[in-house]
Amino acid sequence: MNSVLMTQVEYAGHRKVGRSAVSNWKKRELLVFAEGPDGSPMVDVTRSDARLNANVDPARGRPRKVATEPAYIAPLAPNSEPSIRGQGLGEVRSDLVKEQVTRERLRNAKDAGELVPMAEFERLAAETGRKARERVQAVMANLAERLAVEGDARKVRLMLAAEIDHAFGQLADEVVADEGAAETEEG
């Protein structure tokens, strides 16, 4: 996918909006930036358009405050047939529109580079789970002597909770740092 880069002012003209709209989109992290020829950040038009199309309410021209569509639509149960019995025509049309909107949002998210292949997601989830397990085991090993000496069960729970929260906080910081590094490599 070839990237077209524009300044924020040019992008406002491209989207036929005012500069304040582009500033608001930037604050809400709806724009994708890339390094311009002179090293300055410029709007990646293709990816930003896809992200905005996925997140901006076309009727209002503003980002949605709350997602009204489910992020996941469950597949049909095995051996079941789609049916419209019991549904009025309005409900059927509504379901169809929801499906089309969901499909369009997924396409826009893909174009914006916000989706990862399932294999990559599974690998990252397994790696994060392994790290979490190792952190909790390390907390237990580090606290074993203090826990053995402590006679008050309430203090034991508080010590464990504090150490586990700290370990998971560090893990969350690492995940965010890894995401930032991956985005920097892609850009």
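Bear in mind that the values here come from a model prediction, so they are computed numbers and not experimental data.

1. Comments concerning helix α5 (residues 118–149)
- Taking 1.5 Å as the rise per residue, α5 with 32 residues should run 46 Å; its terminal C-alpha atoms sit 46 Å apart, in good agreement.
- The principal kink in α5, of about 55°, is found at L143.
- Listed in full, the buried residues belonging to α5 are K131, A132, V139, L143 and L147.

2. Some thoughts on the packing of helix α1 (residues 8–15) against helix α3 (residues 45–55)
- Put simply, α1 and α3 touch, their axes get as near as 12 Å, and they point 55° apart. Our classification of the angle between α1 and α3 gives oblique. As for the relative orientation of α1 and α3, their crossing is right-handed in sense. Where α1 abuts α3, its residues Y11, H14 and R15 lie against V45, S48, D49, L52 and N53.
- Of the residues belonging to the contact of α1 with α3, the class tally is three nonpolar, three polar and two charged.

3. Some remarks on the sheet that holds strand β1 (residues 5–6)
- Sheet architecture is open: three strands sit in the order β1-β3-β2, paired in antiparallel fashion. Unpaired on one side and paired on the other, β1 and β2 (33–35) mark the two borders of the sheet.
- With two bridges connecting them, β1 and strand β3 (residues 41–44) associate as antiparallel partners. Pairing of M6 across the sheet is with V43, part of β3.

What counts as what
- Residues numbered from 1 in each chain as written.
- Predicted model: local features only at pLDDT ≥ 70, side-chain atom pairs only at ≥ 80, totals over all residues.
- Heavy atoms only, no water.
- Helix = DSSP H or I, 4+ residues; strand = E, 2+ residues; numbered from the N terminus.
- Expected span 1.5 Å × (residues − 1).
- Bend = angle between axes of the 7 residues up to and from the residue.
- Buried < 20%, exposed > 50% of the residue type's maximum accessible area, 1.4 Å probe, protein only.
- Axes fitted to C-alpha atoms, helices over the stretch in contact; angles between N-to-C directions.
- Parallel < 35°, antiparallel > 145°, perpendicular 65-115°, else oblique.
- Left-handed = near helix turned anticlockwise from the far one by under 90°.
- Contact = heavy atoms within 4.5 Å.
- Nonpolar A, V, L, I, M, F, W, Y, C, P; charged D, E, K, R; others polar.
- Pairing = 2+ DSSP bridges.

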